[in-house]
Amino acid sequence: MLANFQLNEGDAVSWLRTLPAASANLVITDPPYESLEKHRAIGTTTRLKVSKGSSNEWFRIFPNSRFKELFREVHRVLEKNTHFYLFCDPETAFIAKPIAESVGFKFWKPLVWDKRAIGMGYHYRSRYEFILFFEKGKRKLHDLGISDILEAKRIRGGYPTEKPVEISDVLVRQSTLPGEVVLDPFMGSGSAGVAAVRNGRHFKGNDIAEIAVRLSRDRLIAASGKEHKMLSSSTEPPPAEDSQLRLAGVTERARASA
């Protein structure tokens, strides 16, 4: 099965509105949720260490006030009998769940990503993140023996909020068949896309940050291999003079092929 991918640089909701209704079989995504700024301000995360308020060179915060329009578009582009996975922290989970339900999703439960190491903080330092599990229609998981706690060591020194490919790999295999389409409107460095193409699924990804699109493009080319085809990309490879970006791209490609 040949796996193709398409990448876009732009606003997540605007991009989703360009896609046909019922054109995707799975959405996996990790928005830069609003509470990240609060964690940064009190020193309980390093993921925004280069930022100043909401203006940072890595990504822009997606406000909670836009969740309804986001979830409405996610619901529209998904076919019937499909799944939607949303990475978030516990605070955002309480906000996102009722909004997603209001646009038509059925909420099953939060999955837990156990990072196998504690992070920063003061009150019981966190070593996990939620993945909210939603359904449109009714679709059976492929393996009913998979636990609701998914373990994978957190990535240090990578792209901000980067997720391990092995976590997305479980979600892709549980909720899609080869040849189906996986979307990620906030793809970051493309971990969900790598999991998709490695498993013979097609991937469509978007991010508002140019560096994210470039890194994702490199990783997906490496993950696809010569037998796969890249449909299109909104950007060209990183310029040679940008040594920081070039180094980051090499790190991502090495990790993707590991």
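Residues numbered from 1 in each chain as written. Predicted model: local features only at pLDDT ≥ 70, side-chain atom pairs only at ≥ 80, totals over all residues. Heavy atoms only, no water.

Peer 1: Could you give an account of the pairing of strand E8 (residues 202-207), naming the residues involved and the relevant values?
Peer 2: The buried count for E8 comes to five of six residues, which makes it a mostly enclosed element. Here strand E7 (residues 181-184) runs beside E8; their pairing, made up of four bridges, is parallel. Of the residues in E8, the one forming a bridge with valine 182 is phenylalanine 203. In the classification by handedness, the crossover that spans E7, the intervening helix H6 (residues 191-198) and the parallel E8 is right-handed. (Buried < 20%, exposed > 50% of the residue type's maximum accessible area, 1.4 Å probe, protein only. Helix = DSSP H or I, 4+ residues; strand = E, 2+ residues; numbered from the N terminus. Pairing = 2+ DSSP bridges. Right-handed = clockwise from strand over helix to strand, strands pointing away.)

Peer 1: Let's hear about the packing of H6 against helix H7 (residues 210-224): which residues, and what values?
Peer 2: In the contact formed by H6 and H7, the axes pass within 9 Å of each other and the chain directions differ by 20°. The angle between H6 and H7 falls in the class roughly parallel. The two elements H6 and H7 cross, and the hand of that crossing is right-handed. Facing Ser191, Gly193, Val194, Val197 and Arg198 of H6, the residues of H7 in contact are Arg219, Leu220, Ala223 and Ser224. Split into classes, the residues belonging to the contact of H6 with H7 amount to four nonpolar, three polar and two charged. (Axes fitted to C-alpha atoms, helices over the stretch in contact; angles between N-to-C directions. Parallel < 35°, antiparallel > 145°, perpendicular 65-115°, else oblique. Left-handed = near helix turned anticlockwise from the far one by under 90°. Contact = heavy atoms within 4.5 Å. Nonpolar A, V, L, I, M, F, W, Y, C, P; charged D, E, K, R; others polar.)

Peer 1: Can you tell me about the pattern of salt bridges, naming the residues and giving the values?
Peer 2: It is possible for side chains bearing opposite charge to pair when their charged atoms get close. The final tally for this structure, using the stated rule, is 16 salt bridges. Here glutamate 101 ties to lysine 97 by a salt bridge, and the two come within 3.1 Å at their closest N and O atoms. Here glutamate 101 pairs with lysine 97, and both are found in helix H4 (residues 90-102), just four residues apart, close to one helical turn. Looking at glutamate 101, the relative accessible area reads 32%, which means it is partly exposed. Glutamate 210 is paired through a salt bridge with arginine 214; the nearest N and O atoms lie 2.5 Å apart. (Salt bridge = Lys/Arg side-chain N within 4 Å of Asp/Glu carboxyl O.)

Peer 1: With reference to specific residues and values, describe the side chain of asparagine 64.
Peer 2: Among the secondary structure elements, asparagine 64 is positioned in the loop between helix H2 (35-41) and helix H3 (67-77). Setting aside chain neighbours within four positions, we find asparagine 64 in contact with Glu34 and Ile95.

Peer 1: Explain the packing of aromatic side chains residue by residue, including any values.
Peer 2: For any pair of aromatic rings, the description rests on two quantities: the centre-to-centre distance and the angle between the ring planes. Following the criterion strictly, the structure yields 10 aromatic pairs and no others. Centre to centre, the rings of phenylalanine 62 and phenylalanine 67 are 6.1 Å apart; their planes meet at 45°, and the pair counts as tilted. The burial state of phenylalanine 62 is the same as that of phenylalanine 67; both residues are buried. Through successive ring pairs, a cluster of aromatic residues spans Phe62, Phe67, Phe71, Phe84, Phe105, Phe107, Phe134 and Phe186. It is lysine 106 that lies over the ring of tryptophan 108; its NZ or CZ is 4.5 Å from the centre. (Phe/Tyr/Trp six-rings, centres within 6.5 Å; stacked < 30°, edge-to-face > 60°. Lys NZ or Arg CZ within 6 Å of the ring centre and 35° of its normal.)

Peer 1: Lay out H3 in plain terms, naming residues and giving numbers.
Peer 2: Burial in H3 covers these residues: Phe67, Leu70, Phe71, Glu73, Val74, His75 and Val77. Elements that come into contact with the buried residues of H3 comprise helix H1 (12-17), strand E2 (24-29), strand E3 (78-88), H4, strand E5 (128-136) and E7.

Peer 1: I'd love a proper account of the confidence of the model for the protein chain, names of residues and values included.
Peer 2: For the protein chain, per-residue confidence averages 82 on the pLDDT scale, and residues scoring 70 or more make up 76% of the total. Counting contacts from residues 46-56, a segment whose pLDDT is below 50, to residues more than four positions away or on other chains yields 22 contacts. (pLDDT = per-residue confidence, 0-100.)

Peer 1: Lay out the environment of valine 13 in plain terms, naming residues and giving numbers.
Peer 2: Among the structural elements, valine 13 can be located in helix H1. You can call valine 13 buried: its relative accessible area is 0%. With 61 residues separating them along the chain, valine 13 and valine 74 place their C-alpha atoms 8.6 Å apart. Setting aside its immediate chain neighbours within four residues, valine 13 contacts Phe62, Arg66, Glu69, Leu70 and Glu73.

Peer 1: Outline the nonpolar core, listing residues and values.
Peer 2: Ranked by internal contacts, the top residues of the largest apolar core, which has 31 residues, are Leu70, Phe71, Phe84, Leu132 and Leu183. Those elements that place two or more of their residues in this core are H1, E2, H3, E3, H4, E5 and E7. Considering every element that reaches this core, the biggest residue donor is H3, with five residues. Residues in contact with leucine 183, not counting those within four places in the same chain, are Trp15, Leu16, Leu19, Ala24, Leu26, Val27, Ile28, Val77, Phe203 and Lys204. (Core = buried A, V, L, I, M, F, W, Y, C linked by side-chain atoms within 4.5 Å.)

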